[in-house]
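Below are the chains, spelled out letter by letter.
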Amino acid sequence: MLSIIEQIKQGKLWDFHGGIHPAENKDLSNKSPIVNAGIPQELVLPLKQHIGSKGDIIVAVGDKVQKGQPLTQGDIAMCVPVHAPTSGTITAIEQRTTAHPSGLSDLCIVIAPDQQDIWCDKTTYADYEDRDPAELIDAIRLNGIAGLGGAGFPTARKLQGGLGNVDILIINAAECEPYITADDRLMRDYAEEVIEGVRILRHIISPKLTIIGIEDNKPEAIQALEQHVKEDDNILIRVVPTKYPSGSSKQLVKILTGREVPSQSRSTSVGVIMQNVGTAFAIKRAIIDGEPLIERVVTLTGEAFKERGNVFAMLGTPIAYLLDKFGYKADKKHPRVIIGGSLMGFTLPHSNVPITKMTNCILAPKRKELPLHTYEMACIRCSACADVCPSSLLPQQLQWYAKDQNYEKCEEYNLQDCIECGACAYVCPSEIPLVQYYRQAKAEIWARSQDEINAERARQRFEAKQARMDRDKAERENRFKKAAETRREEMAKTGGDDAVAAAIARVKAKQAAAQSEKPEVKPAVAAAIAAAKAKQAASAQDATSETLPDNSEMAKLREERKRQARERKAEKEAGESTTSASSNDSKKDAVAAAIARAKAKKAQQASEQKAPVAETAVENAEVDPKKAAIAAAVARAKAKKEAQQAQSESTSEPVAETETVDPKKAAIAAAVARAKAKKEAQQAQSESTSEPAAETGAVDPKKAAVAAAVARAKARKAAQQAEAQSEVTPEPVAETETVDPKKAAVAAAVARAKARKAAQQAEAQSEVTPKPVAETEDVDPKKAAVAAAVARAKARKAAQQAEAQSETTPEPVAETEAVDPKKAAVAAAVARAKARKAAQQAEAQSETTSEPVAGTEAVDPKKAAVAAAVARAKARKAAQQAAKEQQNIEED
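Quick notes on the rules
- Residues numbered from 1 in each chain as written.
- Predicted model: local features only at pLDDT ≥ 70, side-chain atom pairs only at ≥ 80, totals over all residues.
- Heavy atoms only, no water.
- Helix = DSSP H or I, 4+ residues; strand = E, 2+ residues; numbered from the N terminus.
- Buried < 20%, exposed > 50% of the residue type's maximum accessible area, 1.4 Å probe, protein only.
- Contact = heavy atoms within 4.5 Å.
- Pairing = 2+ DSSP bridges.
- Salt bridge = Lys/Arg side-chain N within 4 Å of Asp/Glu carboxyl O.
- Disulfide = S-S within 2.5 Å.
- Core = buried A, V, L, I, M, F, W, Y, C linked by side-chain atoms within 4.5 Å.
- Phe/Tyr/Trp six-rings, centres within 6.5 Å; stacked < 30°, edge-to-face > 60°.
- Lys NZ or Arg CZ within 6 Å of the ring centre and 35° of its normal.
- Arc of directions from axis to C-beta.
- Patch = residues over 30% accessible without salt bridge, like charges linked within 9 Å, V, L, I, M, F, W, Y side chains within 5 Å.
- Areas by Shrake-Rupley, 256 points an atom, 1.4 Å probe, with all protein chains shown as cover.
- Lys, Arg positive; Asp, Glu negative; His and termini not counted.
- Charge placed at Lys NZ, Arg CZ, Asp CG, Glu CD.
- Axes fitted to C-alpha atoms, helices over the stretch in contact; angles between N-to-C directions.
- Parallel < 35°, antiparallel > 145°, perpendicular 65-115°, else oblique.
- Left-handed = near helix turned anticlockwise from the far one by under 90°.

Here we look at the overall build of the protein
Inference 1: Scanning the protein from N- to C-terminus turns up 29 helices and 16 strands.
Inference 2: A burial count over the protein gives 42% of its 892 residues as buried.
Inference 3: Nonlocal contacts in the protein, meaning residues at least 24 apart in sequence, comprise 78% of its contacts between residues at least 6 apart.

Below is the structure:
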């Protein structure tokens, strides 16, 4: 049986599954020789123009570069450097849109050419046959050569993988993609350089057989190659039938050798290495001429171009420059610029995209020339895509899984074996863009695999770090342990103790002793601490007693007032019920009123007895001024409480005692009484407001005392006069049996007016009296307290007498006949209430103005004057309020 090489030499060819025969459209661009595109105004060089990693930038903005000068560098086989296509200046290093189906941007170096096209120093290998293959491979890598067939795989890396592993070298000259003629014109115009590049590859790889595979639609290229191939080159030119995609690596290997490349493997796994015609030409230029890969042949085709053909375009040349230079006229409705052929190419987002090492064609078709796929319909499961797939895949299944993002199933159905030739989409009657789905799924799978690789790498690094730390810790512990054992052995030999262990034991012993022992406190220190604490407690108690007075008495008073209010409410309800009763109960009501008046008098007498006791207590003992003031306030509150109780009881009496009074006469009497009360209140108010607020200056204490005595005498005299008048008035009235109602009303009004006048005079005198006392500079506190207590007692006594007289005055009027009982009772009760209220206000004002005397020891005259002024102002305000309330009541 003949070997594969013998069968190949005999001219045997094989076939692959599927394939299509689209319209070639190569005649548009293969009729004219290759021309130079010229130097544009700007060159944009992406750092990554190949499969692999980017190189490190070795230039900066503003640097001047020469033609062929490297711009990046890398030390790994999958990194291909980028060179300057011409001389000029680096103007920017920034992100620009690159020639990729995603339309994304990448880091690029921008050069502004100087149009001088000056070369840098070249390194040539004219005697490559005498050079080591490894040296030539490294030269190929440094010159930036990658696969120019469209994949962009680094040539140096492919050659390294094929050293000693392959026996057949295939030069791919099929160029099966429609519209593309770059390799065809290159073989026609530069066949000698192409064959020289093949010889360099043969020297590096040393294969048993070299085959140039070319389709039968390129007769001129076949003839040009045969003219330059020698018999001792061991190079076979095999013409294969035109069938798309016979130019694919795996398919061409199957056609020429009959070997099938396994899934997800390269051709080197079956002993075959493949290089493109353009790559062979670039290798010849790099090794023989010393020129790096800075330009390539690009096909300009499509009906939108006025000048179609193939050009040598510098890498980084903007496509817009080529479109403008070669007469591109965009389609009016659907302008399109495609990089690549009609089946495997992709549409650009805009024309400012640079030429790269993988750009072999720029297609600008008209709408009629290449129809648009405007509508995707549902799959009809016709299996046409599976019939034409050159990789024997199931395109419809892959499309469903890719659309559903079921990437595990995509991998299970060998999506990675898809060469993206576009044959399935070409024959699909539903116009489904199958290749787009496959590209997106591949990109997602690649991203996920990279994440998994990075995670695994991070895990390995972490585990390696943990292992290293554990190893270092164990070594450190062993080192310390050995050092301790060595130290103990040395101490044992010398007869001493371990110094470190002894020091640790001493420290532990000291700590234990410190915890067990309690500090001894000396008796003197303890006594001082106790004394300080006692002083602090006493001072806190004093401060509390001074700042927070005992409010228990006031709370009791509030509770008592609430109770009295409830009692008054009950009495009022009872009074209303008694007024509605028949007149037969008048005797019982009079008896009850007499009992109530007796109780009120008894309560007043008891309050009078309590007041002298408080006064004698102030006189007999030396009391703290603050405590004396508190005690006086409590006594006054109790006296007020009892007076209010008596008043409340007495106010409810006349209602029950009244009989029948003439309403007209009672109204006249009430009006006369109101007018007089208003007039006297206004006079008292005007007299009180005309007094000076405070008198400045120093006052003689003796004079102040004399003035106080005079004021007290006047107050007593006024009270006695009021008492005498009240006693004289009611007696005849009480004795009369039949009294004229008019006269009785007039007498009652006169009595009420006199009572009000006496109260107002007492109030005015009480305001005048304390002024000199407030202005004294040095007053004996004991004497001042005694004088204040005496004055308060006398004021209470005068008020009580006036109240008793006012209560006895209206009784005969109540006994008169032929009077409306309700109106007369109301008028009499109002008059008595007003009289009592005025007396109580006068008493309270006299008490408030005399209080500071009991608490003063050495009083500042200014402060005393201010306090007196404040007291007088309060008294006036109380009098005014009483007058307003009385006026409102009378008007009502």
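As for the pairing of strand 7 (residues 105–113)
Inference 1: Pairing geometry for strand 2 (residues 43–46) and strand 7, over four bridges, is antiparallel. Looking at the pairing, Leu45 lines up with Ile109 of strand 7.
Inference 2: Both strand 6 (residues 88–97) and strand 7 contribute to a ladder of nine bridges, which runs antiparallel. The residue of strand 7 that forms the bridge with Glu94 is Cys108.

Topic: the pattern of salt bridges
Inference 1: For the coordinates displayed, the defined rule picks out 32 salt bridges.
Inference 2: A salt bridge links Arg199 to Glu196; the nearest nitrogen and oxygen atoms lie 2.9 Å apart. Here Arg199 pairs with Glu196, and both are found in helix 5 (residues 191–205), just three residues apart, close to one helical turn.
Inference 3: Here Glu567 ties to Arg563 by a salt bridge, and the two come within 2.1 Å at their closest N and O atoms. In this pair, Glu567 and Arg563 both sit in helix 17 (residues 552–579), four residues apart, roughly one turn of the helix.
Inference 4: Glu567 gets classed as partly exposed once you look at its relative accessible area, which sits at 35%.
Inference 5: If you follow the salt bridges from partner to partner, you end up with Lys122, Glu193, Lys284, Arg285, Asp289, Glu291 and Glu295 in one network.

Structural notes on unusual backbone geometry
Inference 1: In this structure, the amide linkage connecting Tyr244 to the following residue, Pro245, adopts the cis form with an omega of 5 degrees.
Inference 2: Its identity is not glycine, yet Ser206 carries a phi of approximately 60 degrees, on the positive side.
Inference 3: Tracing the sequence through the fold places Ser206 in the loop between helix 5 and strand 9 (209–215).
Inference 4: Even without being a glycine, Gln264 presents a positive backbone phi close to 55 degrees.

As for the state of the cysteines
Inference 1: Using the criterion set out here, one finds zero disulfides in the structure.
Inference 2: A disulfide-free cysteine, Cys379 has its sulfur positioned 6.4 Å from the sulfur of Cys385, the nearest such atom.

Details of the nonpolar core
Inference 1: Among the nonpolar cores identified, the biggest contains 59 residues, and Leu71, Ile111, Leu159, Ile204, Ile212, Leu225 and Ile287 are the most heavily contacted of them.
Inference 2: The element that contributes the greatest number of residues to this core is helix 5, accounting for eight residues.
Inference 3: Dropping the residues within four chain positions of it, Leu225 is found in contact with Met187, Ala191, Val194, Ile195, Ile212 and Ile237.
Inference 4: Membership of the second largest hydrophobic core comes to 20 residues, among which are Leu300, Leu348, Ile362 and Ala364.

Overview of the side chain of Asp167
Inference 1: Position of Asp167 among the secondary structure elements: in the loop between helix 3 (155–162) and strand 8 (168–172).
Inference 2: With a relative accessible area of 17%, Asp167 lands in the buried category.
Inference 3: For Asp167, the residues in contact, after removing those within four places along its chain, are Pro207, Lys208, Leu209, Arg259 and Gly271.

Describing helix 11 (residues 395–403)
Inference 1: With seven of its nine residues buried, helix 11 lies for the most part within the structure.
Inference 2: On its buried side, helix 11 packs onto helix 10 (384–388), helix 12 (407–412), helix 13 (423–427) and helix 14 (434–494).
Inference 3: Downstream of helix 11 by one or two residues, Gln405 has phi in the positive range, about 60 degrees.

A short note on the side chain of Asn310
Inference 1: With respect to the helices and strands, the residue Asn310 is situated in strand 13 (residues 309–314).
Inference 2: Excluding residues within four positions of it along the chain, Asn310 makes contact with Ser29, Pro33, Ile34, Val35, Thr181, Ala182, Arg185, Val297, Val298 and Thr299.

Thoughts on the packing of aromatic side chains
Inference 1: Under the criterion given, the structure shown has five aromatic pairs.
Inference 2: Site record: aromatic cluster; members linked through ring pairs are Tyr190, Phe281 and Phe312.
Inference 3: Geometry around Trp119 places Lys122 over its ring, the cationic atom sitting 4.1 Å from the centre.
Inference 4: A cation sits over an aromatic face here: Lys243 above Phe16, 4.5 Å from the ring centre.

Section: helix 3
An α-helix turns once per 3.6 residues; consequently, residues spaced three or four apart project the same way.
Inference 1: Among the residues of helix 3, Thr155, Ala156, Leu159 and Gly162 are the ones counted as buried. Down the axis of helix 3, the buried set is contained in an arc of 130 degrees. They therefore lie on one face.
Inference 2: On its buried face, helix 3 is in contact with helix 2 (133–142), helix 5, strand 11 (272–276) and helix 8 (277–287).
Inference 3: Immediately downstream of helix 3, the backbone of Gly164 shows phi near 75 degrees, a positive value.

Looking at a negative patch on the surface
Inference 1: A cluster of acidic side chains, namely Glu408, Glu411, Asp451 and Glu452, defines a negative patch on the protein surface.
Inference 2: Elements with a contribution of two residues or more to the negative patch: helix 12 and helix 14.
Inference 3: Positionally, Glu408 belongs in helix 12.
Inference 4: Judged by its relative accessible area of 51%, Glu408 falls in the exposed class.

A closer look at the sheet that holds strand 6
Inference 1: The strand order across the open sheet built from four strands is 2-7-6-4, with neighbouring strands paired in antiparallel fashion. Since the sheet does not close on itself, it has two edges, and those belong to strand 2 and strand 4 (64–65), each with one partner.

So, the packing of helix 4 (residues 182–189) against helix 8
Inference 1: The interhelical angle for the contact between helix 4 and helix 8, taken along N-to-C directions, is 45 degrees, at an axis separation of 9 Å. When the axis of helix 4 is compared with that of helix 8, the two are oblique. Between helix 4 and helix 8 lies a crossing of left-handed hand. On helix 8, the residues that touch Asp183, Leu186 and Met187 of helix 4 are Val277, Gly278 and Phe281.

What to know about the sheet that holds strand 12 (residues 295–301)
Inference 1: One open sheet accounts for six strands, arranged 1-13-12-16-14-15; its pairing is mixed. Only two strands of the sheet have a single partner each, and these edge strands are strand 1 (35–36) and strand 15 (346–347).
Inference 2: Here two bridges tie strand 14 (residues 338–339) to strand 15, and the two strands are oriented antiparallel to one another. Bridge pairing in strand 15 places Ile339 opposite Phe346.

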